[in-house]
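Coordinates in review
These are the residues of each chain, in order.
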Amino acid sequence: MAIPILVMFPFLVISILTESGYPYFFKMARIWAKVILFGMGFNYKVKQEPIIAAKTSYMIVANHTSMADIMLMLAIIKNPFVFVGKQELSKIPLFGFFYKRTCILVDRGSAKSRRAVFEAAQQRINRGLSVCIFPEGGVPDDESILLDEFKDGAFRLAIEHQIPILPITFPDNKKRFSYTFFSGSPGLMRAHIHPILQTNGLTGEARKEIKERVRLIILNKLSDFEKRES
């Protein structure tokens, strides 16, 4: 993780000095992510159903099982986006320096912090950026859980800002690089980008319905991958 950051460090710092520099930072972050994946022995394959419009803001959501989810998401999505992520990751040396300056941080134990996410997301969307949230709210402690329950935040934001939802399934990341020590192996990481769900005209009352719909889309795809390999 450190080597590509150190190589690109001056350019990364320059790119985060102004808000207008974020798209340049994002391009370098994608290079960083691809270098990390390659260096760890991972290659990736993407199946993409929709056409992702270049100048459209999306709410990007995916299942969360691995630290590699961040790198794979950066590698496969070309539209500049920002992560909404837990505050604790900002403590990682070097990586945390850029993480806390470019992502929307949330302290899940603080209602004030969770409310602040909405204002920060609005600012990014107004600048034409997409937002990426892992709606499980973290990696489940029990790795036997195929897909945990979803939190409301991503879907509240999507409806409030009337932006389309882009669901993505990562079927291999837990197997390749889980949080269990001495587990994982080099190999293929697949990503399935599902059809876009529009939120135009939806109100807050539809939040739970669309949340469960998105969860079912990702859960069904995870189940399909498991059945093929069993």
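Procedures and definitions
Throughout, a residue's number is its position along its own chain's written sequence, starting from 1. For this predicted model, a pLDDT threshold of at least 70 governs which residues receive local features, and a threshold of 80 or more governs which side-chain atom pairs are given and counted, while totals over whole chains, interfaces and linings are taken from all residues. Values reported for side chains reflect all heavy atoms of the structure, with hydrogen atoms and water molecules removed beforehand. The classification of residues rests on relative accessible area computed with a 1.4 Å probe and restricted to protein chains. Under 20% of the type maximum is buried, over 50% is exposed, and intermediate values are partly exposed. Under the scheme used here, helices are H or I runs from DSSP no shorter than 4 residues and strands are E runs no shorter than 2 residues, and both carry numbers assigned from the N terminus. For two strands to pair, DSSP has to find at least two bridges joining them. Between N-to-C directions, angles cover 0 to 180 degrees, with each direction set by a line fitted to C-alpha atoms, over the stretch in contact for helices. Oblique is the label for every angle not falling under 35 degrees (roughly parallel), over 145 degrees (roughly antiparallel), or within 65 to 115 degrees (roughly perpendicular). In this scheme, a crossing is called left-handed if the near helix is turned counterclockwise away from the far one by less than a right angle; it is called right-handed if the turn is clockwise. Residue contacts follow a heavy-atom distance rule, with two residues in contact if any of their heavy atoms lie within 4.5 Å. Each residue is assigned to one of three groups, with Ala, Val, Leu, Ile, Met, Phe, Trp, Tyr, Cys and Pro labelled nonpolar, Asp, Glu, Lys and Arg labelled charged, and all others, Gly among them, labelled polar. Note on bend: the value at a residue is the angle between axes fitted to the seven residues ending there and to the seven starting there. In this scheme Phe, Tyr and Trp rings, the latter by its six-membered ring, pair at centre separations within 6.5 Å, and the angle between planes marks the pair as stacked below 30 degrees, edge-to-face above 60, and tilted otherwise. Counting as a charge over the ring demands two things of the Lys NZ or Arg CZ atom: a distance within 6 Å of the ring centre and an angle within 35 degrees of the ring normal. UniProt positions are given in the numbering used here, feature names are shortened, and annotations may be inferred rather than shown by experiment. By convention a nonpolar core is built from buried Ala, Val, Leu, Ile, Met, Phe, Trp, Tyr and Cys residues, the set being connected through side-chain atoms within 4.5 Å. Any Lys or Arg side-chain nitrogen located within 4 Å of an Asp or Glu carboxyl oxygen qualifies as a salt bridge.

Attention shifts here to the pairing of strand 2 (residues 59–62). Side-chain alternation along strand 2 places Met 59 and Val 61 on one buried face and Ile 60 and Ala 62 on a second face that is also buried. Direction of pairing for strand 2 relative to strand 5 (residues 130–133): parallel, over a ladder of three bridges. Note that in strand 5 the partner of Ile 60 across the bridge is Cys 132. Pairing analysis gives four bridges linking strand 2 to strand 6 (residues 165–169), with the strands arranged parallel. Looking across to strand 6, one finds that Ala 62 is bridged to Ile 168.

For the rest of this paragraph, the subject is the packing of helix 6 (residues 153–160) against helix 8 (residues 207–229). The geometry of helix 6 relative to helix 8 is characterised by a closest axis approach of 9 Å and an angle of 120 degrees between their N-to-C directions. Here helix 6 is positioned oblique relative to helix 8, judged by the angle of their axes. For helix 6 against helix 8, the interelement crossing comes out right-handed. In this structure, helix 6 uses Phe 155, Arg 156 and Ile 159 to contact helix 8, whose residues at the interface are Arg 207, Ile 210, Lys 211 and Val 214. Grouping the constituent residues of the contact of helix 6 with helix 8 by class yields four nonpolar, no polar and three charged.

Below, the discussion takes up the side chain of His 161. In this structure, His 161 sits in the loop between helix 6 and strand 6. For His 161, a relative accessible area of 13% puts it in the buried group. Beyond its immediate chain neighbours, meaning those up to four positions away, His 161 contacts Phe 118, Gln 122 and Ile 125.

To continue, consider helix 1 (residues 2–15). Along helix 1, the largest kink reaches about 70 degrees and is centred on Phe 9; proline Pro 10 follows within four residues of it. Regarding helix 1, the residues found buried are Pro 4, Ile 5, Met 8, Leu 12 and Ser 15. Residues of helix 1 that are buried sit in contact with helix 2 (22–39) and helix 4 (95–102).

On to the packing of aromatic side chains, then. Tallied over the full model, the rule gives 11 aromatic pairs. A ring pair is formed by Phe 81 and Phe 83, whose centres lie 5.0 Å apart and whose planes are at 85 degrees; its orientation type is edge-to-face. Here Phe 81 falls in the buried class, since its relative accessible area comes to 1%. When its relative accessible area of 9% is taken as the criterion, Phe 83 is described as buried. For Arg 228, the ring lying beneath its charged end belongs to Phe 225, and the centroid distance is 4.9 Å.

Listed under "transmembrane region" (unreviewed entry) in the UniProt record, and renumbered for this structure, are residues 6–26. Along residues 6–26, the helical share is 71% and the strand share 0%, with 16 Å between the first and last C-alpha atoms.

It is worth spelling out the nonpolar core at this point. The biggest cluster of nonpolar side chains holds 70 residues, and the ones touching the most others in it are Met 59, Met 73 and Ile 77. Considering every element that reaches this core, the biggest residue donor is helix 2, with nine residues.

The next thing to look at is the pattern of salt bridges. Counted by the stated rule, this structure contains eight salt bridges. Lys 175 is the partner of Glu 229 in a salt bridge, and the nearest nitrogen-oxygen pair spans 3.7 Å. With a gap of 54 residues between them, Glu 229 in helix 8 and Lys 175 in helix 7 (residues 173–176) connect regions that are remote in the sequence. Judged by relative accessible area, Glu 229 falls into the partly exposed class, the value being 47%.

Our next topic: the environment of Val 106. Structurally, Val 106 is set in strand 4 (residues 104–106). On a C-alpha basis, the gap between Val 106 and Lys 86 in space is 5.2 Å, while along the polypeptide they are 20 residues apart.

It is worth spelling out the packing of helix 1 against helix 4 at this point. Where helix 1 contacts helix 4, the two axes come as close as 12 Å, and the packing angle between them is 30 degrees. The two elements helix 1 and helix 4 cross, and the hand of that crossing is left-handed. Contacts from Ile 5, Phe 9, Leu 12 and Val 13 of helix 1 reach helix 4 at Phe 95, Phe 97 and Phe 98.

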